[in-house]
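One-letter residues, chain by chain:
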Amino acid sequence: MQINAQLDVGKGEGQAPNPEPRVETREEGGALVCRLSGNWTTRRVAAVDKAMRALAARNGFASLVIDISGVGRMDTAGAWMIQRLLVAARAKGLDARIEGQNEVAGILLGAVEAATEAREEPRQVRRSSIVVAVFAKIGERVYELRDDFLAGMNILGATIRGGQMKLGRGHSINLAAIFAQIDKMGVGAIPVVVLMSAIVGAIIAQQGAYQLSYFGADIFVVDLVGILVLRELGVLMTAIMLAGRSGSAITAEIGSMKMREEVDALTVIGLNPIGVLVFPRLVALVIALPCLSILANFAALGGGILVSWAYSDIPPIQFIDRLRVAIDVSTIFAGLIKAPFMALIIGIIGAVEGLKVGGSAESLGGHVTASVVKSIFVVIILDGAFAVFYAAIDF
């Protein structure tokens, strides 16, 4: 609470036009009477600050009476100094009161007292056990998960509905925006995806050959690399890299537009922000992730071929012949089927977190981090769900 006032609170008879504030004290029957006079304003109260602090530290009396009938002008600085003396006396257990105040002075002193009490009121810290705190955090996360799920379904439904309305009304979908996002999310990610996948494939081949060499089964490293890469790691590693690269970019772009109120501007001019901002990015991710997964599979197999040739003396021709026996079309599609679902998850989570950004840079950074963490977590959960489903249907 902020107060700014300068009021005439007393008559100040016999005083000069701008009298300096004064403090006079006397003792009457065990009570210390403090008579104030002059103008107690911001420019003048510094002259009596030392005297007022000395009075606050003074002992040897049972009660304190502050007489302000001689005060001419007083603003919040003077009222706060009087209130400070009053609080210090009451803190020592003294009977402290103010006399000689008129209605105006009472209003000003009351307002300063209320503001001081509100500022100095100690916060009630509620301590709970560790078990209660843990379950409280779990409950909060469950509610956040529910809210995120509903927001994601809203974005997905609005995106699909918006595409249907555009096609049904003969309106063309903005292909330029979609291709621009494919270039940014897909083509731009090719080098890092190919490099990381080749390294992962080489590591799998090296570790598999090292372990299988004890049993004289070096040739089965081809089965290990082929099945593991094509069914699981190819699409999973690609999705994780896109979650960190493109998912964070979606959140940062939409979040920065939310901070600059550009999303609200789209609504004002009659455009649907989800259709303009989210739809092209979701379509681009659904197209780019399967294509990148295919490139990642080739890169991982290439890394496995090179390491197998150098480490286990398996020539590339023999590797490819064994690969034709170890895998079939179902192995390839078992991995690629996951790609569109993972792409939708990355895009939806990135858009949800972007639309939740507030007006500060700290909020933007927090939601970008949350977008990447949540995307990677849900993508891994989805991959595990597909693995269980494939095992249940013997696929």
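Residues numbered from 1 in each chain as written. Predicted model: local features only at pLDDT ≥ 70, side-chain atom pairs only at ≥ 80, totals over all residues. Heavy atoms only, no water.

*Asks:* Mind showing me how you'd approach a nonpolar patch on the surface here?
*Replies:* A cluster of nonpolar side chains, namely Val329, Ile332, Phe333, Ile337, Phe341, Phe389, Ile393 and Phe395, defines an oily patch on the protein surface of about 720 Å² accessible area. At the level of secondary structure, the elements contributing two or more residues to the nonpolar patch comprise α11 (329-336) and α13 (361-393). The element best represented in the nonpolar patch is α11, accounting for three residues. Looking at where Phe389 falls in the secondary structure, it is placed in helix α13. Here Phe389 falls in the partly exposed class, since its relative accessible area comes to 47%. (Patch = residues over 30% accessible without salt bridge, like charges linked within 9 Å, V, L, I, M, F, W, Y side chains within 5 Å. Areas by Shrake-Rupley, 256 points an atom, 1.4 Å probe, with all protein chains shown as cover. Salt bridge = Lys/Arg side-chain N within 4 Å of Asp/Glu carboxyl O. Helix = DSSP H or I, 4+ residues; strand = E, 2+ residues; numbered from the N terminus. Buried < 20%, exposed > 50% of the residue type's maximum accessible area, 1.4 Å probe, protein only.)

*Asks:* Explanation requested: the environment of Thr251 in the structure shown.
*Replies:* Relative to the helices and strands, Thr251 resides in helix α7 (residues 221-259). For the pair Thr251 and Leu364, spaced 113 residues apart in the sequence, the C-alpha separation amounts to 8.2 Å. Residues contacting Thr251, with those up to four places away along its chain left out, are Gly350, Glu353, Gly354, Leu364, His367, Val368 and Ser371. (Contact = heavy atoms within 4.5 Å.)

*Asks:* How do you make sense of the packing of helix α1 (residues 49-57) against helix α2 (residues 76-91) when you look at a structure like this?
*Replies:* Describing two packed helices takes the angle between their axes plus the distance from one axis to the other. Put simply, α1 and α2 touch, their axes get as near as 9 Å, and they point 15° apart. With respect to α2, the axis of α1 lies roughly parallel. Seen along the crossing, α1 lies across α2 with a hand that is right-handed. Side by side, α1 and α2 meet where Asp49, Met52, Arg53, Leu55 and Ala56 of the first sit next to Met81, Ile82, Arg84, Leu85 and Ala88 of the second. (Axes fitted to C-alpha atoms, helices over the stretch in contact; angles between N-to-C directions. Parallel < 35°, antiparallel > 145°, perpendicular 65-115°, else oblique. Left-handed = near helix turned anticlockwise from the far one by under 90°.)

*Asks:* For this particular structure, what's the right way to read the pairing of strand β2 (residues 22-28)?
*Replies:* Strand residues, when the strand is regular, have side chains that alternate between the two faces of the sheet. Where β2 and strand β3 (residues 31-40) come together, seven bridges link them in antiparallel fashion. Along β3, the bridge assignment pairs Thr25 with Cys34. Adjacent in sequence and paired antiparallel, β2 and β3 are bridged by two residues, among which Gly29 carries a positive phi angle near 55°. (Pairing = 2+ DSSP bridges.)

*Asks:* Can you help me understand the pairing of strand β4 (residues 63-75) in this one?
*Replies:* Of all 13 residues making up β4, 11 are buried, and the element is well covered by its neighbours. Here eight bridges tie β3 to β4, and the two strands are oriented parallel to one another. What sits directly across from Cys34, in β4, is Ile66. One ladder, built from five bridges, connects β4 with strand β5 (residues 95-99); its direction is parallel. Bridged to Ile66 within β5 is Ile98. One crossover worth recording links β4 to the parallel β5 by way of α2, and it is right-handed. (Right-handed = clockwise from strand over helix to strand, strands pointing away.)

*Asks:* Can you help me understand the side chain of Ser312 in this one?
*Replies:* You can see Ser312 is positioned in helix α9 (residues 273-312). Sequence-distant contacts of Ser312, defined by excluding residues within four places in its chain, comprise Ala209, Asp218 and Val307.

*Asks:* Explain the side chain of Asp223 here, please?
*Replies:* Looking at the element boundaries, Asp223 is found in helix α7. When its relative accessible area of 15% is taken as the criterion, Asp223 is described as buried. Only 2.9 Å separates the side chain of Asp223 from the side chain of Arg322, close enough to count as a polar contact. If we ignore the near neighbours within four places in the chain, the residues touching Asp223 are Leu228, Arg322 and Ala326. (Polar contact = N/O pair within 3.5 Å; in protein donor to acceptor, adjacent residues only side chain to side chain.)

*Asks:* It is not clear to me how the pattern of salt bridges should be interpreted in this structure. Could you clarify?
*Replies:* Where charged atoms of side chains with opposite charge meet at close range, the side chains can pair. Enumeration over the complete set of coordinates arrives at 21 salt bridges. In this structure, Glu27 and Arg58 form a salt bridge, with 3.3 Å as the shortest nitrogen-oxygen distance. Of the two residues, Glu27 is situated in strand β2 and Arg58 in the loop between α1 and β4; the sequence distance between them amounts to 31 residues. The class for Glu27 is exposed, based on a relative accessible area of 52%. Residues joined by salt bridges that share partners form a network here, namely Lys137, Glu140, Arg141 and Glu144.

*Asks:* Hey, could you run me through α7 in this one?
*Replies:* Residue pairs three or four apart in sequence face the same way in an α-helix, which turns once every 3.6 residues. Maximum bend of α7: about 60°, positioned at Val229. Positive phi appears at Glu261, one or two residues downstream of α7, with a value of about 65°. (Bend = angle between axes of the 7 residues up to and from the residue.)

*Asks:* For this particular structure, what's the right way to read the packing of helix α5 (residues 175-185) against α9?
*Replies:* For the pair α5 and α9, the least separation of the axes is 8 Å and the interaxial angle reads 45°. The angle between α5 and α9 places the two elements in the oblique class. For the crossing formed where α5 meets α9, the hand is right-handed. Residues Ala177, Ile178, Gln181, Ile182 and Met185 of α5 touch α9, and the partners they reach there are Phe279, Pro280, Arg281, Val283, Ala284, Leu285, Ile287 and Leu292.

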